[in-house]
Amino acid sequence: MRVHFVLHETFEVPGAYLKWAQDRGHQVTMTKVYEREALPETMDEIDFLIVMGGPQSPDEDRATFPYYDPQAEIELIQKAMQADRYIVGVCLGAQLLSVAYGARYEHSPEREVGVYPVDLTPEGLADPHASLLGANFDSGHWHGDMPGLTNDAVVLATSQGCPRQIIRFSPKHYAFQAHLEFDPEAVDLLIAADGEDVLEEQSQELTFVQKPEAIRAYDYQEMNAKLYAFLDSLTK
């Protein structure tokens, strides 16, 4: 299988998504948006599109991030939809996927940073792939926005701080606001990007922001294994 990643920042790494693709022997290609690399023009060489996160929004002003073209990414996602490819959008990627489907992304009720429980909805428990994650599980979080919903979108998982953690837009297209791909390298990069002192301060003020030491101390192997199970099931 040919897996293509869209990466927005050096500190938003694909973590367990990339390790899964490599461990399964898939062919991996990437577009590093932050290096101004061009997005693929067609889906001819791509079977699975994974759009990762970033500090941007789907309607971001180009002045702040001149290397980021949200409309071009939305059009790429729509090409993948039309070509019947697998798509997973993560965080910003989840929001872009929702916009590609015609929804409007929204601000999450709470900013979530750290590791917090996620619960599957009845629809999630019935989903052939999401159900493998378990009815309740811990997931990484690092966001202030969330995907929008279409009439046909199905919310598969929620958390206390965000009602849209996993959304299915079609049998091959899933949006993950949750970060099951986190590992020690990923969280170290995110903590450095946000600033240790900033996160310490936010953890005192915001309900769903953890202290950096707690984020670093978590063992991410179990959530990574759950992500592997989901991806194996989705693409079998």
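One can find the structure itself at the top, above this paragraph.
Residues numbered from 1 in each chain as written. Predicted model: local features only at pLDDT ≥ 70, side-chain atom pairs only at ≥ 80, totals over all residues. Heavy atoms only, no water.

Peer 1: Mind laying out the packing of aromatic side chains, listing which residues take part and the relevant values?
Peer 2: As enumerated under the stated definition, the model contains 10 aromatic pairs in all. Their ring planes at 75° and their centres at 6.2 Å tell us that W142 and F182 sit as a pair that is edge-to-face. In this pair, W142 is assigned in strand 6 (residues 136-146) and F182 in the loop between strand 9 (173-176) and helix 5 (184-194), connecting sequence segments 40 residues apart. An aromatic cluster of at least three residues, connected via ring pairs, comprises W142, F182, Y218 and Y220. (Phe/Tyr/Trp six-rings, centres within 6.5 Å; stacked < 30°, edge-to-face > 60°. Helix = DSSP H or I, 4+ residues; strand = E, 2+ residues; numbered from the N terminus.)

Peer 1: Tell me about helix 1 (residues 15-23), and please be specific about residues and values.
Peer 2: Residues spaced three or four apart along an α-helix point in a common direction, a consequence of the helix completing one turn every 3.6 residues. For helix 1, the set of buried residues is G15, A16, Y17, L18, W20 and A21. Buried residues along helix 1 sit against strand 1 (2-7), strand 2 (27-32), strand 3 (48-51), strand 4 (86-90), strand 9 and helix 8 (221-235). Taken from the residues just after helix 1, G25 is the one with a positive phi, measuring 75°. (Buried < 20%, exposed > 50% of the residue type's maximum accessible area, 1.4 Å probe, protein only. Contact = heavy atoms within 4.5 Å.)

Peer 1: I'd like a rundown of the sheet that holds strand 5 (residues 106-120), residues and numbers included.
Peer 2: With mixed pairing, 9 strands are arranged side by side in an open sheet as 2-1-3-4-9-8-7-5-6. One side of each edge strand has no neighbouring strand; the edge strands of this open sheet are strand 2 and strand 6. The mean inter-strand angle of the sheet, taken between neighbouring strand axes irrespective of direction, is 20°. Of the pairings in the sheet, the one linking strand 5 to strand 7 (residues 154-158) comprises 2 bridges and is antiparallel in character. Considered in strand 7, the bridge of L120 is made with A157. (Pairing = 2+ DSSP bridges. Axes fitted to C-alpha atoms, helices over the stretch in contact; angles between N-to-C directions.)

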